[in-house]
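Descriptive analysis of the structure
As a plain string of letters, each chain reads:
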Amino acid sequence: VFQASAAFHEAVQRLVASARDRLYIDCTCSGRARTEWILSQLSEQGRLKVFVVDDLDAEVARDIAVIDPRLEVIARPLGDFAQTVREPVHGVFIDLGVLSPAVGDCGADVLEAGDTQVGAHVGQQLSASASAWLQSVSGAGLAWVFAKF
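So, a few notes on the structure that sits alongside this text.

Criteria and thresholds
Residues numbered from 1 in each chain as written. Predicted model: local features only at pLDDT ≥ 70, side-chain atom pairs only at ≥ 80, totals over all residues. Heavy atoms only, no water. Helix = DSSP H or I, 4+ residues; strand = E, 2+ residues; numbered from the N terminus. Buried < 20%, exposed > 50% of the residue type's maximum accessible area, 1.4 Å probe, protein only. Contact = heavy atoms within 4.5 Å. Areas by Shrake-Rupley, 256 points an atom, 1.4 Å probe, with all protein chains shown as cover. Pairing = 2+ DSSP bridges. Right-handed = clockwise from strand over helix to strand, strands pointing away. Polar contact = N/O pair within 3.5 Å; in protein donor to acceptor, adjacent residues only side chain to side chain. Arc of directions from axis to C-beta. Core = buried A, V, L, I, M, F, W, Y, C linked by side-chain atoms within 4.5 Å. Phe/Tyr/Trp six-rings, centres within 6.5 Å; stacked < 30°, edge-to-face > 60°. Patch = residues over 30% accessible without salt bridge, like charges linked within 9 Å, V, L, I, M, F, W, Y side chains within 5 Å. Salt bridge = Lys/Arg side-chain N within 4 Å of Asp/Glu carboxyl O. Lys, Arg positive; Asp, Glu negative; His and termini not counted. Charge placed at Lys NZ, Arg CZ, Asp CG, Glu CD.

**Thoughts on the overall build of the protein**
A tally of regular secondary structure across the protein gives six helices and seven strands. Along its sequence from the N terminus, the protein presents helices and strands in the succession β-α-β-α-β-α-β-α-β-β-β-α-α. Across the 149 residues that make up the protein, the buried fraction comes to 45%. For the protein, long-range pairs separated by at least 24 residues make up 59% of all intrachain contacts whose partners lie at least 6 apart in sequence. Working note: accessible area of the protein is about 8,100 Å², and carbon and sulfur atoms make up 50% of it.

**Some thoughts on the pairing of strand β3 (residues 47-51)**
It is a general feature of regular strands that their side chains alternate between the two faces of the sheet. Among the five residues in β3, four count as buried, and that is most of the element. One ladder, built from four bridges, connects strand β2 (residues 23-26) with β3; its direction is parallel. Within β3, the position partnered with Tyr24 by the bridge is Leu48. Considered for its hand, the β-α-β crossover made up of β3, helix α3 (residues 55-67) and strand β4 (residues 71-74) is right-handed.

**Some words on the side chain of Arg34**
By the secondary structure assignment, Arg34 is in helix α2 (residues 32-41). On the basis of relative accessible area, Arg34 is assigned to the buried category, the value being 10%. At a separation of 2.9 Å, a polar atom in the side chain of Arg34 contacts the side chain of Asp26.

**Some words on the pairing of β4**
Pairing geometry for β3 and β4, over four bridges, is parallel. The partner of Phe51 across the bridge, within β4, is Ile74.

**What about α2?**
Within α2, burial applies to Arg34, Thr35, Ile38, Leu39 and Gln41. In an axial view of α2, the angular spread of the buried residues amounts to 165°, which keeps them on one side of the axis.

**Side note on the nonpolar core**
Counting 18 residues, the largest nonpolar core has Tyr24, Leu48 and Phe93 as the members making the most contacts within it. Of all the secondary-structure elements, those providing two or more residues to this core are α1 (8-16), α2, β3 and α3. Of all hydrophobic cores here, the second largest spans 13 residues; its members include Ile25, Cys27, Ile94 and Val137.

**Comments concerning the packing of aromatic side chains**
Taken as a whole and judged by the stated rule, the model has two aromatic pairs. Judged by centre distance (6.2 Å) and plane angle (35°), the ring pair of Tyr24 and Phe93 falls under tilted. In this pair, Tyr24 sits in strand β2 while Phe93 sits in strand β5 (residues 91-94), placing the two residues 69 residues apart along the sequence. One exposure class covers both Tyr24 and Phe93, and it is buried. Aromatic side chains Phe51 and Phe81 sit 5.5 Å apart centroid to centroid with 15° between the ring planes, which places their arrangement in the stacked category. Here Phe81 lies in helix α4 (residues 81-84) and Phe51 lies in strand β3, a separation of 30 residues in the sequence. Owing to a relative accessible area of 3%, Phe51 belongs among the buried residues under this scheme.

**Notes on a negative patch on the surface**
A cluster of acidic side chains, namely Asp54, Asp55, Glu59 and Asp63, defines a negative patch on the protein surface. Looking at the secondary structure, you find Glu59 in helix α3. The class for Glu59 is partly exposed, based on a relative accessible area of 48%.

Structural data, given as C-alpha coordinates:
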(Lines give C-alpha, C1' and ligand atoms only; values in the text may rest on other atoms or scores of the structure.)
Protein backbone atom coordinates (compact mmCIF):
# COMPACT_ATOMS: atom_id res chain seq x y z
CA VAL A 1 0.00 0.00 0.00
CA PHE A 2 1.41 3.40 -0.97
CA GLN A 3 0.18 6.69 0.43
CA ALA A 4 0.79 8.55 -2.76
CA SER A 5 -0.27 12.18 -2.49
CA ALA A 6 3.17 13.78 -2.19
CA ALA A 7 5.03 11.63 -4.70
CA PHE A 8 2.30 9.95 -6.72
CA HIS A 9 4.30 9.23 -9.87
CA GLU A 10 7.25 7.83 -7.92
CA ALA A 11 4.94 5.66 -5.83
CA VAL A 12 3.25 4.19 -8.91
CA GLN A 13 6.58 3.51 -10.60
CA ARG A 14 8.04 1.85 -7.49
CA LEU A 15 5.01 -0.34 -6.89
CA VAL A 16 4.60 -1.63 -10.44
CA ALA A 17 8.28 -1.78 -11.48
CA SER A 18 8.73 -5.50 -10.81
CA ALA A 19 5.23 -6.65 -11.74
CA ARG A 20 3.76 -4.60 -14.59
CA ASP A 21 1.45 -7.47 -15.60
CA ARG A 22 -0.45 -7.89 -12.32
CA LEU A 23 -3.68 -6.55 -10.83
CA TYR A 24 -3.65 -3.23 -8.98
CA ILE A 25 -6.44 -1.45 -7.13
CA ASP A 26 -6.86 2.33 -6.97
CA CYS A 27 -8.96 3.27 -3.97
CA THR A 28 -8.73 6.97 -4.80
CA CYS A 29 -9.92 7.17 -8.37
CA SER A 30 -10.04 10.90 -8.85
CA GLY A 31 -9.69 11.96 -12.40
CA ARG A 32 -8.45 11.05 -15.82
CA ALA A 33 -4.78 11.95 -15.33
CA ARG A 34 -4.31 9.74 -12.25
CA THR A 35 -5.98 6.69 -13.82
CA GLU A 36 -4.24 7.10 -17.17
CA TRP A 37 -0.86 7.47 -15.43
CA ILE A 38 -1.31 4.20 -13.54
CA LEU A 39 -2.44 2.42 -16.71
CA SER A 40 0.57 3.82 -18.60
CA GLN A 41 2.88 2.07 -16.16
CA LEU A 42 1.25 -1.36 -16.61
CA SER A 43 1.96 -3.88 -19.34
CA GLU A 44 -0.74 -4.94 -21.80
CA GLN A 45 -1.54 -7.81 -19.40
CA GLY A 46 -1.65 -5.58 -16.31
CA ARG A 47 -5.02 -4.63 -14.91
CA LEU A 48 -6.39 -1.82 -12.78
CA LYS A 49 -9.59 -1.79 -10.78
CA VAL A 50 -10.75 1.56 -9.45
CA PHE A 51 -13.19 2.17 -6.63
CA VAL A 52 -15.35 5.25 -7.17
CA VAL A 53 -18.29 6.70 -5.28
CA ASP A 54 -18.37 10.13 -6.89
CA ASP A 55 -20.63 10.24 -9.97
CA LEU A 56 -18.31 12.50 -11.96
CA ASP A 57 -15.25 10.36 -11.21
CA ALA A 58 -17.23 7.24 -12.14
CA GLU A 59 -18.22 8.77 -15.47
CA VAL A 60 -14.61 9.71 -16.27
CA ALA A 61 -13.37 6.24 -15.28
CA ARG A 62 -16.02 4.55 -17.42
CA ASP A 63 -14.96 6.69 -20.40
CA ILE A 64 -11.38 5.48 -19.94
CA ALA A 65 -12.53 1.86 -19.56
CA VAL A 66 -14.26 2.02 -22.94
CA ILE A 67 -10.89 2.84 -24.53
CA ASP A 68 -8.69 0.68 -22.26
CA PRO A 69 -10.08 -2.77 -21.36
CA ARG A 70 -7.43 -3.21 -18.65
CA LEU A 71 -9.53 -0.89 -16.46
CA GLU A 72 -12.50 -2.07 -14.40
CA VAL A 73 -14.67 0.50 -12.65
CA ILE A 74 -16.15 -0.52 -9.30
CA ALA A 75 -18.84 1.97 -8.31
CA ARG A 76 -19.01 0.85 -4.70
CA PRO A 77 -17.59 2.10 -1.39
CA LEU A 78 -14.24 0.81 -0.11
CA GLY A 79 -16.09 -1.09 2.60
CA ASP A 80 -17.12 -3.52 -0.14
CA PHE A 81 -13.48 -4.26 -1.03
CA ALA A 82 -13.42 -7.83 0.34
CA GLN A 83 -16.72 -8.77 -1.34
CA THR A 84 -15.73 -7.17 -4.64
CA VAL A 85 -12.08 -8.12 -5.13
CA ARG A 86 -11.72 -11.90 -4.97
CA GLU A 87 -8.49 -12.40 -6.90
CA PRO A 88 -4.86 -11.87 -5.94
CA VAL A 89 -3.89 -8.18 -5.88
CA HIS A 90 -0.29 -7.09 -6.29
CA GLY A 91 -0.73 -3.53 -5.02
CA VAL A 92 -3.22 -1.00 -3.72
CA PHE A 93 -3.09 2.76 -4.21
CA ILE A 94 -4.79 4.75 -1.49
CA ASP A 95 -4.34 8.45 -1.05
CA LEU A 96 -5.17 9.69 2.41
CA GLY A 97 -3.35 12.96 1.92
CA VAL A 98 -5.26 14.94 -0.70
CA LEU A 99 -8.25 17.18 -0.14
CA SER A 100 -10.52 17.15 -3.13
CA PRO A 101 -11.67 20.64 -4.12
CA ALA A 102 -15.10 19.13 -4.79
CA VAL A 103 -15.37 18.06 -1.15
CA GLY A 104 -14.33 21.29 0.53
CA ASP A 105 -12.55 21.63 3.85
CA CYS A 106 -12.84 18.36 5.74
CA GLY A 107 -10.10 19.02 8.26
CA ALA A 108 -12.44 18.35 11.16
CA ASP A 109 -13.59 15.00 9.71
CA VAL A 110 -11.25 12.75 11.68
CA LEU A 111 -11.22 8.97 11.91
CA GLU A 112 -9.97 7.24 15.00
CA ALA A 113 -8.40 3.80 14.70
CA GLY A 114 -7.03 2.76 18.07
CA ASP A 115 -4.86 5.54 19.43
CA THR A 116 -4.24 7.11 16.04
CA GLN A 117 -6.25 9.71 14.17
CA VAL A 118 -6.30 10.47 10.47
CA GLY A 119 -8.54 12.74 8.43
CA ALA A 120 -10.94 11.20 5.95
CA HIS A 121 -9.71 13.96 3.66
CA VAL A 122 -6.56 15.02 5.41
CA GLY A 123 -6.64 18.66 6.44
CA GLN A 124 -4.41 20.87 8.52
CA GLN A 125 -5.53 19.91 12.01
CA LEU A 126 -4.46 16.28 12.42
CA SER A 127 -2.39 14.58 15.06
CA ALA A 128 -0.53 12.39 12.51
CA SER A 129 0.30 12.66 8.84
CA ALA A 130 -1.33 10.11 6.56
CA SER A 131 2.08 8.60 5.86
CA ALA A 132 2.85 8.18 9.56
CA TRP A 133 -0.61 6.78 10.18
CA LEU A 134 -0.21 4.17 7.41
CA GLN A 135 3.09 3.03 8.90
CA SER A 136 1.54 2.52 12.32
CA VAL A 137 -2.02 1.37 11.65
CA SER A 138 -2.90 -2.27 12.19
CA GLY A 139 -4.59 -4.38 9.53
CA ALA A 140 -7.78 -4.19 11.57
CA GLY A 141 -7.51 -0.40 11.74
CA LEU A 142 -7.11 -0.09 7.97
CA ALA A 143 -10.01 -2.50 7.43
CA TRP A 144 -12.11 -0.30 9.72
CA VAL A 145 -11.34 2.76 7.57
CA PHE A 146 -12.35 0.83 4.43
CA ALA A 147 -15.57 -0.32 6.10
CA LYS A 148 -16.39 3.14 7.43
CA PHE A 149 -15.69 4.99 4.20
